[in-house]
Amino acid sequence: MKWCGGMVTEHCSSVETANVQSEMSHPALPVRLTPCHGLSHRARFASVPDINSIRDFQMRPSFASWGLLALLLLQGPLLQAQPLSPALQQLLSLSSQRLQLADQVAQSKAQSGKAVQDSPREEQQLQMLAGQAGSHGVGAEQVRLLFAAQIEANKLVQYRLLSRPLPDAGQAVDLERIRSRLNQLNLELLRGYAPALAELRVDDCRPRLNQALQRQVRVDRLDELHAIALSRAAGDLCHWAEL
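Residues numbered from 1 in each chain as written. Predicted model: local features only at pLDDT ≥ 70, side-chain atom pairs only at ≥ 80, totals over all residues. Heavy atoms only, no water.

### What to know about helix α4 (residues 86–100)
- For α4, with 15 residues, the first-to-last C-alpha span of 21 Å sits near the 21 Å given by 1.5 Å per residue.
- For α4, the full list of buried residues reads Ala-87, Leu-88, Gln-89, Leu-91, Leu-92, Ser-93, Leu-94, Ser-95, Ser-96, Arg-98, Leu-99 and Gln-100. (Helix = DSSP H or I, 4+ residues; strand = E, 2+ residues; numbered from the N terminus. Expected span 1.5 Å × (residues − 1). Buried < 20%, exposed > 50% of the residue type's maximum accessible area, 1.4 Å probe, protein only.)

Below is the structure:
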């Protein structure tokens, strides 16, 4: 198995594989966005993992802790087995799916020149989602915290990808289609939030959450950037379960 773009795969061309292997053996070199043929849009535009790149993300005080967690999820041994938490795992799967759309959003922003930050739209989304909290068995503040974290994780990926030249997508990215998928995932996250929180109201919440995060990173074959972003999106679930 080889790293190609943001995923572990067997389908990189020989040139792409050489590029990735060279960069991984020389971590001081810049991360290159490596297009891969025959892979998903996320894989084509995700960055090659570079352990030194954590230093590029220190725009937020707690980013280092997310990075350390992500490195554990990527490279550490499997955590001691915890009881299965199917609702939690489903929530993380949805969060990961939502996060992977950030690559396409970044490509759209690169084409249009629009800013990543869109505070009015973000606040509108948070208010709308918080307004649906009661019908899904969770508190409005819990919903705001969940989706604020999803938004910040999504932007984290966008900023990172946009800090380097993106390969030409060949055609304009349909941002409205992406937003439609985001809205669908938001609804599914809302539906699955209360059951996931219920599974986390236990004494071993943190190891249970860490194991579920590790499992999701490996199932989705996330690279370092997306693993860090997933820990940003869901790393505080134990705290939110106590509210």
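### Quick word on the nonpolar core
- Core analysis: the largest hydrophobic core is formed by 51 residues, its most contacted members being Leu-88, Val-143, Phe-147, Tyr-193, Leu-200 and Leu-237.
- The set of elements that each furnish at least two residues to this core consists of α4, α5 (102–112), α6 (119–130), α7 (140–162), α8 (175–200), α9 (205–219), α10 (224–234) and α11 (237–241).
- Of the residues forming this core, the biggest block, 11 residues, is contributed by α8.
- Residues within four places of Leu-237 in sequence aside, it is in contact with Leu-88, Leu-91, Leu-92, Tyr-193, Leu-197, Leu-200 and Leu-209. (Core = buried A, V, L, I, M, F, W, Y, C linked by side-chain atoms within 4.5 Å. Contact = heavy atoms within 4.5 Å.)

### Notes on the packing of α6 against α8
- At their nearest, the axes of α6 and α8 sit 12 Å apart, and the two run at 35 degrees to each other. Note on packing geometry: the crossing formed by α6 with α8 is right-handed. On the side of α6, the interface is formed by Arg-121, Gln-125 and Leu-129, while α8 contributes Arg-179, Asn-183, Asn-186 and Leu-190.
- Here the contact of α6 with α8 is composed, by residue class, of two nonpolar, three polar and two charged. (Axes fitted to C-alpha atoms, helices over the stretch in contact; angles between N-to-C directions. Left-handed = near helix turned anticlockwise from the far one by under 90°. Nonpolar A, V, L, I, M, F, W, Y, C, P; charged D, E, K, R; others polar.)

### Quick look at the state of the cysteines
- On inspection of all chains with the given rule, the structure shows one disulfide.
- In this model, Cys-205 is linked to Cys-238 through a disulfide, with the two sulfur atoms separated by 1.9 Å. Across the disulfide from Cys-205 to Cys-238, rotation about the S-S bond amounts to roughly -105 degrees, and the bridge is consequently left-handed. Of this pair, Cys-205 sits in helix α9 while Cys-238 sits in helix α11, and the two are 33 residues apart along the sequence.
- Judged by its relative accessible area of 7%, Cys-205 is buried. (Disulfide = S-S within 2.5 Å.)

### As for the side chain of Arg-98
- Residue placement: Arg-98 occurs in helix α4.
- Those residues within four positions of Arg-98 in sequence are excluded, and the remaining contacts are Gln-150, Ile-151, Asn-154, Leu-182, Leu-185, Asn-186 and Leu-189.

### Looking at the environment of Leu-156
- Tracing the backbone through its elements, the reader meets Leu-156 in helix α7.
- Distance from Leu-156 to Ala-102, taken between C-alpha atoms, is 8.8 Å for residues 54 residues apart in sequence.

### With respect to the pattern of salt bridges
- Tallied over the full model, the rule gives six salt bridges.
- The partner of Lys-155 in a salt bridge is Glu-122, with the nearest N and O atoms 3.2 Å apart. Of this pair, Lys-155 sits in helix α7 while Glu-122 sits in helix α6, and the two are 33 residues apart along the sequence.
- Here Lys-155 falls in the buried class, since its relative accessible area comes to 3%.
- You can call Glu-122 buried: its relative accessible area is 14%. (Salt bridge = Lys/Arg side-chain N within 4 Å of Asp/Glu carboxyl O.)

### Points about the environment of Leu-237
- Its place among the elements puts Leu-237 in helix α11.
- Judged by its relative accessible area of 1%, Leu-237 is buried.
- With 92 residues separating them along the chain, Leu-237 and Leu-145 place their C-alpha atoms 9.2 Å apart.

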